[in-house]
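Structural overview
Chain by chain, the residues run as shown.
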Amino acid sequence: MTSTLIPLLRQRRSQYALGKTLALPQAEVDALIRETIRLTPSAFNSQSSRAVILFGDAHLKLWSIVKETLRAIVPADNFAGTDAKIDSFAAGAGTVLFFEDQDVVAKLQHDYAAYAENFPIWSEQSGGMAQLAVWTALAEVGIGASLQHYNPLIDAEVAATWGLPASWKLRAQMPFGSNEAPFGEKTFMNDADRFHTFS
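Just so we're clear, the structure is a prediction, and the values are computed from it rather than from any experiment.

Calculation rules
Residues numbered from 1 in each chain as written. Predicted model: local features only at pLDDT ≥ 70, side-chain atom pairs only at ≥ 80, totals over all residues. Heavy atoms only, no water. Pairing = 2+ DSSP bridges. Helix = DSSP H or I, 4+ residues; strand = E, 2+ residues; numbered from the N terminus. Salt bridge = Lys/Arg side-chain N within 4 Å of Asp/Glu carboxyl O. Phe/Tyr/Trp six-rings, centres within 6.5 Å; stacked < 30°, edge-to-face > 60°. Lys NZ or Arg CZ within 6 Å of the ring centre and 35° of its normal. Buried < 20%, exposed > 50% of the residue type's maximum accessible area, 1.4 Å probe, protein only. Axes fitted to C-alpha atoms, helices over the stretch in contact; angles between N-to-C directions. Parallel < 35°, antiparallel > 145°, perpendicular 65-115°, else oblique. Left-handed = near helix turned anticlockwise from the far one by under 90°. Contact = heavy atoms within 4.5 Å. Nonpolar A, V, L, I, M, F, W, Y, C, P; charged D, E, K, R; others polar. Core = buried A, V, L, I, M, F, W, Y, C linked by side-chain atoms within 4.5 Å.

1. Examining the pairing of strand β5 (residues 168–179)
Regular strands place their side chains on alternate faces of the sheet. Sheet topology places strand β1 (residues 18–19) next to β5; 2 bridges connect them, and they run antiparallel. Bridge assignment links L18 to a residue of β5, and that residue is N179. Direction of pairing for strand β3 (residues 94–101) relative to β5: antiparallel, over a ladder of 8 bridges. The partner of E100 across the bridge, within β5, is K169.

2. A closer look at the pattern of salt bridges
If you walk through the whole model with that rule in mind, you get 8 salt bridges. With a shortest N-O distance of 2.3 Å, R38 and E35 are connected by a salt bridge. A residue pair is termed a helical-turn pair when its members lie 3 or 4 positions apart in one helix, as R38 and E35 do in helix α2 (residues 26–38) at 3 residues. Counted as one network, the salt bridges with shared partners bring together K67, D83 and D87.

3. Topic: the packing of aromatic side chains
Per the stated rule, a full pass over the model turns up 12 aromatic pairs. Centre to centre, the rings of Y112 and F119 are 6.3 Å apart; their planes meet at 45 degrees, and the pair counts as tilted. Of note, R12 hangs over the ring of W135, and the distance from its end group to the ring centre comes to 4.3 Å.

4. A short note on the environment of D83
In this fold, D83 is placed in helix α4 (residues 79–90). Judged by its relative accessible area of 25%, D83 is partly exposed.

5. Focus on unusual backbone geometry
Cis geometry marks the peptide bond from N151 to P152, where omega comes out at 5 degrees. Assignment of secondary structure puts P152 in the loop between β4 (143–145) and α7 (155–162). Of note in the backbone geometry, F44 takes a positive phi value of approximately 60 degrees without being a glycine. The phi dihedral of Q47 falls on the positive side, at around 50 degrees, and the residue is not glycine. By the secondary structure assignment, Q47 is in the loop between α2 and β2 (49–55). Look at Q47 and you get partly exposed, because its relative accessible area is 48%.

6. Observations concerning the packing of helix α5 (residues 102–111) against helix α6 (residues 119–140)
Across the interface, α5 lies against α6 with an axial gap of 9 Å and an inter-helix angle of 140 degrees. Compared by their axis directions, α5 and α6 come out oblique. Considering only the axes of α5 and α6, their crossing is right-handed. Every residue of α6 that contacts α5 at V105, L108 and Q109 is listed here: F119, P120 and S123.

7. Let's talk about the environment of A166
Mapped onto the fold, A166 is located in the loop between α7 and β5. Residue classification places A166 among the exposed residues on the basis of a relative accessible area of 85%. For the pair A166 and D155, spaced 11 residues apart in the sequence, the C-alpha separation amounts to 10.0 Å.

8. Focus on the packing of α2 against α6
Orientation of α2 relative to α6, taken along the N-to-C sense of each, is 145 degrees, at an axis distance of 9 Å. In the crossing of α2 with α6, the sense of the turn from one axis to the other is right-handed. Each of V29, L32, I33, T36 and I37 in α2 lies in contact with α6, whose residues at this interface are A130, A133, V134, A137 and L138. Here the contact of α2 with α6 is composed, by residue class, of 9 nonpolar, 1 polar and no charged.

9. Points about the nonpolar core
One finds W63, L97, Y150 and I154 to be the most contacted residues of the largest nonpolar core, which totals 18 residues. Contributing elements (two or more residues each) for this core: β2, α3 (56–71), α4 and β3. Among the elements that take part in this core, α3 stands out by supplying 5 residues, more than any other. Discounting chain neighbours no more than four positions away, the residues touching L97 are R50, A51, V52, L54, L62, V158, L170, A172 and Q173. Membership of the second largest hydrophobic core comes to 16 residues, among which are A130, L138, I143 and F176.

Just distances and angles here, no functional claims.
Shown next as C-alpha cells:
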C-alpha cells in the first residue's frame, strides 16, 4: 500500500504525557489548526465547526475551570485521580476547543426541511472529522494530543470566560503539547467482526 495517509493515521495516538515544548512556533501551530479545520468537509458545505485555540494562561484557565467544576461533584476522597488527570492535560502547551454552531444547523433545517432531522447528525459527523483531521495534522508535526469530553459540565463557564456565542455548542477538548512518553501498543478487534466486503 502506497498511501501516505495510513502512516499518518498510525502516528495519531492518544498522548497523556504532554509537555510544553512545541515542534513549531505557536503562530504556526495556530495556523495549522485553522487551515485543517477550514479544509474539513461538511454536509452542504455548512462549515458548522468552530474552534477556540488556547495557549499559555488561557490554556491553564480552561483546565482550572474543568478541575474546579469536577471538584464540586467528585467526592473529596476520590478526587486525587481526577486532580492528577486534569494536571496532565494542563501540562501541555495548549488546547483546542471544538464547537458546532447550532445557528448553522437551524438555518439548514429551515432551508432544507426535508432533511431537517439529519442536519444535527451531519453536524456531529463534520465535527468528528475536524477533530480527527486536527489530531492527525498535529501528530504529523510531532505534537501529541488526546481528545477529552468535559462538556456539558463546563459549557456555561467556558462560554462566559471567552465571550462565545450562545449558538456554539462545545463538543470536545483537545489538549496538545510535546510527547513526553512513548506510546503503548495499540490493539485491534478481529476484522471479521468489523468488516464485510461484497462484489
